[in-house]
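Architecture and fold: a report
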Amino acid sequence: MNAIPAAVLDELRRIVGPRGWASDPADVEPYLVEWRGLYRGAAPLVLKPASTAEVAAIVAHCRRTKTPLVPQGGNTSLVGGSIPFEGGGEVVLSLSRLNRVRAVDALNDTITVEAGCVLADVQAAAAAAGRLFPLRIASESSCQIGGNLSTNAGGNAVLRYGSMRDLTLGLEVVLADGRVWDGLRGLRKDNTGYDVKHWFIGAEGTLGVITAAVLKLFPQPQAIETAFAAVPGPAQAVELLALAKAMGGGQVSAFEIVPRIGLELVLRYIPGTADPLAAAHGWYVLLECTGGKGGELRADLETMLGAAAERGLVLDATIAASAAQAAGLWKIRENISAAQKFEGGSIKCDIAVPVSRVAEFIARAGAAVTALVPGTRVVAFGHIGDGNIHFNPLQPAGMDKAAFLARWDDVTRAVHDLTHALGGSISAEHGVGRLKREEIRRYKAPVEIELMAALKRALDPDGILNPGKLL
Ligand code: ZN
């Protein structure tokens, strides 16, 4: 990668004005590191434009001078999608100052926000209007809407509300030649040809720079009930989900699987946690239902859990008696990743298979990784209701961490081969970035890669937008 000429950098600084850039190494540092520490990049300049017009001027100048740009939101990527390469030949484009809520249309159930809005602030703006913006992910207090869109973020409420793609009605995008596409429509119905917004959602900043979006809002749930149930295994968890959908009363809004080892690690390392049930069990489900009236929803949930127990799908269960107890149940689920760090090396796979094949996946993937590294502790948890499992082989107790992590490629290959064989995806919600760029080529049909490359050539012929990521 070539160094960027000083005159180009000067012009970029001039476009954004004195408050809109950073180049001091200490100021630039936070934009160069992926938070898990897998990647550390370099860049002579971080641009922080304050308007769509400034973004457009930046991109136009980069196009003229063939200067590569790396768009960045809250920099919470797990796959290296939002940081520059090590060569220092790219400019980081932070959208963080485009952080206005432009409009709330409560009767249309929409909110129009800029790309740099923090997800939690959008949730709060929706709540202030008496509505719900339902995207719920662990990084919500720091991730930004532009990144959520560029990675098609998923999380804990996809089962009920869909992923970011499903929550988006319109976009404003700066194209690679600096033109602005104003597609900020708040329409539920619009059959006027190609749905252009979907080209940019999940594109990881390689086709255009998203600057604003019209997002869907929903009614705030009248009642929420949260249960923690012990189940015989993943197969029974999937059957329990079907039963809960059929007779739950309200709607199942979250359905997460937790293995005993995940619970044990949380209890050992995360202060303020307790085992919700009296006896130990192999597997658990964290189930959330919303809707209906409070008392009725709870009664329906109790009836459903009783029926599930009669069928042998549930061994024991507790329903949270307060919001604080529900938060305690969610605290267990949300700390499974964090708790593993205290036990040494963990290999991260984020896969999806059809819900009907999740149990087979967990059994076969577990057998495959323990055959490769005997003693590996399999931590398989997460959004089983979406078929999305965070499959994290954890090093055998007492094994050298580096020696275990040295097996990363063989372990992920075995897991990904199985995922592919079961009709699944090797990246369910974290994207491709740098980490899985080669890997998607292994599993996608050549015709699909050709279609993606054709879109890239058409929209960014000089390859200035986030080069080397995704494709
Ligand atoms: Zn997740």
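Please refer to the structure placed before this passage.
Throughout what follows, the structure given in this document is the object of discussion. (Residues numbered from 1 in each chain as written. Predicted model: local features only at pLDDT ≥ 70, side-chain atom pairs only at ≥ 80, totals over all residues. Heavy atoms only, no water.)

What about empty space enclosed by the protein?
Counted only if it meets this: A cavity, in this analysis, means grid points on a 1 Å lattice covering only the protein atoms where a 1.4 Å probe fits yet has no way out; a pocket is instead an open set bounded by protein on both sides within 12 Å along at least five of seven lines, and a residue lines either one if it has an atom within 4 Å of a point. Grid points are joined across faces, edges and corners, and a volume is the space filled by probe spheres set on the points. Starting at the N terminus, helices and strands are each numbered in turn, a helix being any DSSP run of H or I of at least four residues and a strand any DSSP run of E of at least two.
For the structure shown, the criterion picks out one cavity of 30 Å³ or more. Considering only enclosed or pocket space, the largest cavity measures out at about 30 Å³ in volume. In terms of lining residues, the largest cavity is bounded by Asn 156, Leu 159, Ala 254, Phe 255, Glu 256, His 383, Ile 384, Gly 385 and Asp 386. With three residues, strand S13 (residues 251-259) is the largest single contributor of residues to the lining of the largest cavity.

Description of the pairing of strand S9 (residues 180-183)
Which entries qualify depends on this criterion: Categorising residues by exposure relies on relative accessible area from a 1.4 Å probe, with only protein chains included: less than 20% of the type maximum marks a residue as buried, more than 50% marks it as exposed, and the intermediate range marks it as partly exposed. Should DSSP find at least two bridges between two strands, the strands are regarded as paired.
Of the two faces of S9, only one is covered, namely that formed by Trp 181 and Gly 183; the face formed by Val 180 and Asp 182 stays uncovered. Of the pairings in the sheet, the one linking strand S8 (residues 168-175) to S9 comprises four bridges and is antiparallel in character. By the bridge assignment for S9, Glu 172 is matched with Asp 182.

A closer look at the side chain of Glu 34
Stated formally: In the analysis that follows, any N or O atom pair within 3.5 Å is treated as a polar contact, provided that within protein one partner can donate a hydrogen and the other can accept it, and provided that, for residues neighboring in sequence, both atoms belong to side chains. Here a residue-residue contact requires only that any non-hydrogen atoms of the pair lie within 4.5 Å.
Examined against the element boundaries, Glu 34 turns out to sit in the loop between helix H2 (25-28) and strand S2 (46-47). A distance of 3.3 Å separates the side chain of Glu 34 from the backbone nitrogen of Leu 38, its partner in a polar contact. When near neighbours in sequence (up to four residues on either side) are disregarded, Glu 34 contacts Tyr 39, Ser 77, Leu 78, Val 79, Gly 80 and Ile 83.

Describing the nonpolar core
Where we set the bar: Throughout, nonpolar core names a set of buried Ala, Val, Leu, Ile, Met, Phe, Trp, Tyr and Cys residues whose side chains join them through atoms within 4.5 Å.
Of all hydrophobic cores here, the largest spans 46 residues; its most connected members are Phe 361, Ile 389 and Phe 391. Leaving out residues up to four positions away in the same chain, Ile 389 has contacts with Ile 257, Cys 349, Asp 350, Ile 351, Val 358, Phe 361, Ile 362, Ala 380, Phe 381 and Ile 384. Core analysis: the second largest hydrophobic core is formed by 31 residues, Phe 133, Ala 157, Tyr 161 and Ile 210 among them.

Remarks on the pattern of salt bridges
We count it as follows: Every case where a carboxyl oxygen of Asp or Glu lies within 4 Å of a side-chain nitrogen of Lys or Arg is listed as a salt bridge.
Following the criterion strictly, the structure yields 27 salt bridges and no others. Salt-bridge contacts for Asp 275 lead to Arg 260; the nearest nitrogen and oxygen are separated by 3.0 Å. Placement of Asp 275 in the loop between helix H9 (260-269) and strand S14 (283-290) and of Arg 260 in helix H9 is noted, with a sequence separation of 15 residues between them. Classification of Arg 260 as buried rests on a relative accessible area of 17%. In this structure, Glu 448 engages Lys 444 in a salt bridge whose closest nitrogen and oxygen atoms are separated by 3.0 Å. Residue classification places Lys 444 among the partly exposed positions, given a relative accessible area of 29%.

A short note on the layout of surface pockets
Space inside the second largest pocket adds up to approximately 870 Å³. Lining of the second largest pocket is provided by 40 residues; of these, Arg 165, Gly 202, Ser 427, Val 432 and Lys 444 occupy positions nearest its centre. The set of elements that each furnish at least two residues to the lining of the second largest pocket consists of helix H7 (197-200), helix H16 (437-443) and helix H17 (446-459). Considering each element in turn, the lining of the second largest pocket owes the most residues, five residues, to H17.

Details of the coordination of the zinc ion
Which entries qualify depends on this criterion: The donor set covers N, O and S atoms within 2.8 Å of the metal, switching to 3.2 Å for Na, K and Ca, and it leaves out water, so a site may look short of donors.
At this site the zinc ion is bound by His 383 (NE2), His 390 (NE2) and Glu 429 (OE), with donor distances of 1.8 to 2.2 Å. One chain supplies every donor to the zinc ion, and in sequence these donors are spaced H-x6-H-x38-E. You can see His 390 sitting in strand S18 (residues 388-394) and its partner Glu 429 sitting in the loop between helix H15 (408-421) and H16, a full 39 residues away along the chain. The burial state of His 390 is the same as that of Glu 429; both residues are buried.

None of the figures reported here should be taken as evidence of function without further support.
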